[in-house]
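The primary structure of each chain is shown beneath.
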Amino acid sequence: MGQKTKAFLQLCRPANLPTSAADILAGLALAGFFDHFTIELGPLGGLLVLSSIFLYAGGVVLNDVFDIELDKVERPERPLPKGVIKIGEARIFGFGLLVIGLALAFLVTTMSGIIAAILVFFILTYDSYSKNRKVLGPLNMGICRGMNLLLGMSVFAELVHFKYAIIPIIYIAAITMISQGEVNGNNKKNIVFAGILYLIVVVIVLYFNTDFVSNLGVSHIFVLVFILSIGIPLTKAYLKNTPSNIKKAVKAGVISIILLDSVIAVAHSNFAIGLVILALLPVSIVLSKAFAVT
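Predicted model, so just to flag it, every value in this text is computed and none were measured.

**Regarding the environment of V99**
Position of V99 relative to the elements: it lies in helix 6 (residues 87–106). We classify V99 as exposed; its relative accessible area is 55%. Along the backbone, V99 and G58 are 41 residues apart, and their C-alpha atoms lie at a distance of 8.7 Å.

What follows is the structure in structure tokens.
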């Protein structure tokens, strides 16, 4: 792989992209896309997965574009500060990915396209303005994830169980708060508040899922794994509040989105869809060893 090709991949955060696909699969499950025995993604489901991946990739590429001056100081190892990719090239690349993602969504339903357009608005708002705001930044990022879940739900041009969108909004807001201490450390207050938000997420998931008694037991197993995957790194980051531990807590939180999506999907569909979503987890973990998550 050439240096420049690898640099473009680094800009896209490959390890994070499976989490975006997991959101769509959970949204499809909420919409009743899968029956109780089999999983067939089909062209519509596939288009939404691809749309989400392109939108996510475009967003993180442009995030680096807007952060170029800051990254020259704090993250000089990244492709743009190093000069491997020119800022103009990255800008065209990022906006091109967003356009492709938007077009793919409109191929599914008009509602999907509209939701994708709103998602693009919040992506650009975060990248260019709100990410440096203590409250608005985490909220904006959370809204992006909530819209991504709604994108999956929109496959039949209706938003059944749209209330579930509040879950990724709260969850991602928590991760974003943790990440605010990633460079300098010393963010124990943020970690405590993030832990409270994590707890709220678990309670909401359990409450929402009680309407689906048939899969509730299986769902609880997934919930337990999810709690352990986010709780252990967060506790370590609190006890030893170093940039390294904070970064690990953020990484665990991002990758565990896959587990959260599997919890939601299992309750609304079948055990198989939970396993399919979980299969994205090792993919994300392997990619995270080669490419940065944050």
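**Section: the nonpolar core**
In this structure, I167 and Y171 are the most contacted members of the largest nonpolar core, which totals 87 residues. With near-sequence residues (within four places) excluded, I167 lies in contact with V201, I204, V205, F208, L260 and I264.

**Observations regarding helix 1 (residues 3–12)**
Listed as buried for helix 1 are A7, L11 and C12. Seen end-on, helix 1 carries its buried residues on one side only, within an arc spanning 145°. In the core, the buried residues of helix 1 are packed alongside helix 2 (17–30), helix 3 (42–66), helix 5 (79–82) and helix 6. R13, located one to two residues past helix 1, shows a positive phi value of around 50°.

**With respect to the side chain of R78**
Looking at the secondary structure, you find R78 in the loop between helix 4 (68–74) and helix 5. Beyond its immediate chain neighbours, meaning those up to four positions away, R78 contacts R13, D64, D71 and T294.

**Quick notes on the layout of surface pockets**
For the largest pocket, the calculated volume is near 1,000 Å³. Residue lining of the largest pocket: 40 residues in total, with N63, Y126, M141, T176 and S179 positioned closest to the centre. Listed by contribution, the elements that provide at least two residues to the lining of the largest pocket are helix 3, helix 4, helix 7 (110–128), helix 8 (136–153), helix 9 (166–179) and helix 12 (243–255). In terms of residue count, the dominant contributor to the lining of the largest pocket is helix 3 (six residues).

**Notes on the pattern of salt bridges**
Scanning the model with the defined rule gives nine salt bridges in all. Between R145 and D23 there is a salt bridge, with its nearest N and O atoms 2.5 Å apart. Separated by 122 residues along the polypeptide, R145 in helix 8 and D23 in helix 2 bring together distant segments of the chain. On the basis of relative accessible area, R145 is assigned to the buried category, the value being 6%. Taking the shortest distance from any N to any O, the salt bridge between E74 and R75 comes out at 3.8 Å. Here E74 falls in the partly exposed class, since its relative accessible area comes to 32%.

**Quick word on helix 7**
Compared with an ideal rise of 1.5 Å per residue, which puts 19 residues at 27 Å, helix 7 spans 27 Å between its outermost C-alpha atoms and is within 8% of the ideal. Within the span of helix 7, buried status applies to S112, G113, I115, A116, L119, V120, I123, Y126 and D127. For helix 7, the buried positions fall inside an angular range of 160° around the axis, keeping them on one side. Facing away from the buried side of helix 7 by over 90 degrees, the exposed positions are T110 and F121. Contacts made by the buried residues of helix 7 are with helix 3, helix 6, helix 8 and helix 9.

Rules of the game
Residues numbered from 1 in each chain as written. Predicted model: local features only at pLDDT ≥ 70, side-chain atom pairs only at ≥ 80, totals over all residues. Heavy atoms only, no water. Helix = DSSP H or I, 4+ residues; strand = E, 2+ residues; numbered from the N terminus. Buried < 20%, exposed > 50% of the residue type's maximum accessible area, 1.4 Å probe, protein only. Core = buried A, V, L, I, M, F, W, Y, C linked by side-chain atoms within 4.5 Å. Contact = heavy atoms within 4.5 Å. Arc of directions from axis to C-beta. 1 Å grid on protein atoms, 1.4 Å probe; cavity = no way out; pocket = protein on both sides within 12 Å on 5 of 7 lines; lining within 4 Å. Points joined across faces, edges and corners; volume = space filled by probe spheres on them. Salt bridge = Lys/Arg side-chain N within 4 Å of Asp/Glu carboxyl O. Expected span 1.5 Å × (residues − 1).

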